[in-house]
Amino acid sequence: MRPLTKQLGDVIPVPASVRPVPATSFTILPGTGVSTVPEASGVAAYLASELAKTVDGPIPIGPGGAIVLELDPSLAAEAYTLTAGESSVTLRGGTPQGLFWGVQTLLQLAPEVPGGVIEDEPRYEYRGAMLDLARHFFTAAEIKAHVDLLVQFKINHLHLHLTDDQGWRLEIPGWPRLTEISGGEGTGVDGAGPGFLTLAEYADVVAYAADRFVTVVPEIDMPGHVNAVHYAYPSLTADGQPVRQRIDAEVGYSSLVAGKEETYAFVEDVIRAVADATPGPYLHIGGDECHSTPAEDYRAFLARVLPLPGKYGKRAIGWHEIAAVELPETAVVQYWRIEAADENTARAATEGRRIIMAPADRTYLDMKYDPESPLGLDWAGHVDVRRSYDWDPADRLPGVPEEALLGVEAPLWSETLRSVADIQYLTFPRLPAIAEVAWSPRSVREWESFRTRLAAFGPRWEAAGVNFHRAPEIPWITAEPA
Ligand code: ACM
């Protein structure tokens with residue numbers, strides 16, 4: 001037998017514990033079966049369908065299959081174990097979700113699975129990726145295809161930035177002009193990204209993500225980033241006069257009017273509709289970059305709006321500017337800037353609020369990799385793969401320790417995006433780096449190991465037609481060794 005080129009721990013995110021058994025392995029071939037418990041039949045079907053592509057042949061599901069899926073209630077919900085011997089591979093998950101993450105590990109190792117035992121579970125419960133549909137719209141089919149790439153790295157939240165100055169991307173009953181006018185032709189940055197999700201399309205995306213154990217987090221950005229609202233409904237502006245459409249990439253010039261009662265009727269209708277359409281626990285209310293909202297108005301607005309997600313059964317998330325005001329107990333603060341410290345976020349953490357860490361100089365997928373990057377922005381500097389990888393969320397902000405962290409997110413803003421190929425170019429390979437920061441224990445993370453493991457994805461992404469950036473610091477493999 002030729003020596004295995006792959007080791008049991010050659011997985012991204014790197015597992016918490018890996019105990020190889022040298023000189024043993026299990027090879028998945030056409031006809032290798034999957035046996036499962038009934039609760040995991042969906043996971044088994046997913047595994048069989050993915051493996052069938054890897055081995056280019058049928059993978060039957062039924063009793064006696066050499067790949068065994070089981071539930072083990074002694075494991076945490078998202079935890080799994082993988083045990084590979086000469087004649088079988090057994091995956092055990094705390095829940096079907098844990099099993100699904102084990103399946104992702106198995107798919108990265110397939111078809112030749114090195115022998116041994118992996119015991120794995122996530123560091124953070126929130127491992128997110130954000131897609132900005134407002135500056136450039138992507139269809140339900142495009143979003144679903146993106147989810148398929150994200151789950152390979154055990155990402156479990158998809159944050160959709162649904163509204164901004166340049167466009168409104170979700171149908172809201174009773175407010176048809178939001179999408180007719182601000183989701184139509186000529187919307188998005190440079191007018192190049194028109195479109196919106198009907199409620200049926202949104203439900204389809206949410207269900208598809210849920211089938212892959214991904215929770216959709218919808219964001220309605222307010223009180224700033226609302227020119228699309230005022231363009232569609234001039235009655236909501238301060239003086240009731242129309243505003244011009246904006247398709248440039250400026251920020252901070254628009255604001256819902258805190259002193260106008262119509263504002264709150266609008267906001268409550270939107271929050272109710274979005275909450276009704278969203279089975280997940282979170283509703284993101286934005287709150288960032290309100291440079292044209294007087295501080296008193298910002299406070300007054302949030303005092304009325306922050307309780308609304310709770311009223312409709314959701315937990316509010318906001319960008320960290322919301323930490324300037326008193327927050328509901330369950331509110332989550334998402335840190336996004338590049339400062340070394342943030343007093344308000346630290347105070348929120350001290351007062352028991354959970355924090356999502358998304359500092360732009362580490363996690364923003366829309367930053368250029370280097371000065372030559374054909375896409376992206378550079379206000380937070382250049383973010384190469386090592387910058388995405390070589391940091392720790394618990395060290396990022398003084399006063400925001402490990403216990404305060406709900407998780408980590410990688411936002412992708414779409415001002416410079418025009419296609420799915422553009423999404424992929426900025427996402428890969430930095431998203432796998434952030435995913436490892438969010439999943440793997442700090443003690444097992446190491447850059448030299450990561451860059452070698454990442455290199456093995458080159459041929460896979462090529463075969464799958466994924467438009468990844470060939471980052472120069474990664475020793476890419478161009479073909480499988482003979
Ligand atoms: C942001 O980047 N304005 C959250």
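Residues numbered from 1 in each chain as written. Predicted model: local features only at pLDDT ≥ 70, side-chain atom pairs only at ≥ 80, totals over all residues. Heavy atoms only, no water.

Let us now look at helix 3 (residues 140–151). Its 12 residues place the ends of helix 3 17 Å apart at the C-alpha level, agreeing with the 16 Å of an ideal helix rising 1.5 Å per residue. Buried residues of helix 3: Ala140, Ile143, Lys144, His146, Val147, Leu149, Leu150 and Val151, and no others. (Helix = DSSP H or I, 4+ residues; strand = E, 2+ residues; numbered from the N terminus. Expected span 1.5 Å × (residues − 1). Buried < 20%, exposed > 50% of the residue type's maximum accessible area, 1.4 Å probe, protein only.)

Two orientations exist for strands paired in a sheet by backbone hydrogen bonds: parallel and antiparallel. One open sheet holds the 6 strands; their spatial order is 1-6-4-5-3-2, and the pairing between them is mixed. A strand with exactly one partner marks an edge of an open sheet, and here the two such strands are strand 1 (17–27) and strand 2 (34–36). Adjacent strand axes in the sheet meet at a mean angle of 20° when their direction is disregarded. Relative to strand 5 (residues 89–93), strand 4 (residues 80–84) runs antiparallel, the two being bridged by 5 bridges. Across the sheet, residue leucine 82 finds its bridge partner in strand 5, namely leucine 91. (Pairing = 2+ DSSP bridges. Axes fitted to C-alpha atoms, helices over the stretch in contact; angles between N-to-C directions.)

It is worth spelling out the pattern of salt bridges at this point. When the charged atoms of two side chains lie near each other, side chains of opposite charge can form a pair. Counted by the stated rule, this structure contains 26 salt bridges. Note that glutamate 119 and arginine 19 form a salt bridge whose closest N and O atoms lie 3.2 Å from each other. Within this pair, whereas glutamate 119 is found in strand 6 (residues 112–120), its partner arginine 19 is found in strand 1, the two being separated by 100 residues in sequence. By relative accessible area, which is 43% here, arginine 19 ends up partly exposed. Here aspartate 132 makes a salt bridge to arginine 135, at a shortest N to O gap of 3.0 Å. Judged by its relative accessible area of 0%, aspartate 132 falls in the buried class. Each of Arg123, Asp392, Asp395, Glu402, Arg442 and Arg445 takes part in one network of salt bridges that share partners. (Salt bridge = Lys/Arg side-chain N within 4 Å of Asp/Glu carboxyl O.)

This brings us to the side chain of threonine 81. Inspection of the secondary structure assignment puts threonine 81 in strand 4. Since its relative accessible area comes to 12%, threonine 81 is described here as buried. Here threonine 81 is in contact with Leu75, Thr90, Leu91, Arg92, Ile118 and Glu119, once residues within four sequence places are set aside. (Contact = heavy atoms within 4.5 Å.)

Okay, the packing of aromatic side chains next. All told, the structure shown has 25 aromatic pairs when counted by the stated rule. Note on tyrosine 364 and tryptophan 379: the rings are 6.0 Å apart at their centroids and 90° apart in plane angle, and the pair reads as edge-to-face. Taken together, the residues span a long stretch of sequence, with tyrosine 364 in the loop between helix 11 (360–363) and helix 12 (385–389) and tryptophan 379 in the loop between helix 11 and helix 12 at a distance of 15 residues. With a relative accessible area of 3%, tyrosine 364 lands in the buried category. An aromatic cluster of three or more residues is present, and its members are Phe153, Phe428, Phe457, Trp461, Phe468 and Trp476. (Phe/Tyr/Trp six-rings, centres within 6.5 Å; stacked < 30°, edge-to-face > 60°.)

Moving on, we come to helix 5 (residues 199–211). If you check helix 5, its first and last C-alpha atoms are 18 Å apart, about what 13 residues at 1.5 Å a residue would give, namely 18 Å. Taken residue by residue, helix 5 has Tyr202, Val205, Val206 and Ala209 as its buried positions. Within helix 5, the buried residues cover an arc of 95° as seen down the axis, which keeps them to one side. Along helix 5, the residues that are exposed and aim more than 90 degrees away from the buried face are Ala200 and Asp211. Residues of helix 5 that are buried sit in contact with helix 3, strand 8 (157–161), strand 11 (215–222) and helix 7 (261–277). Residue phenylalanine 213 follows helix 5 closely and has a positive phi angle near 65°. (Arc of directions from axis to C-beta.)

Worth remembering: the numbers are spatial, not functional.
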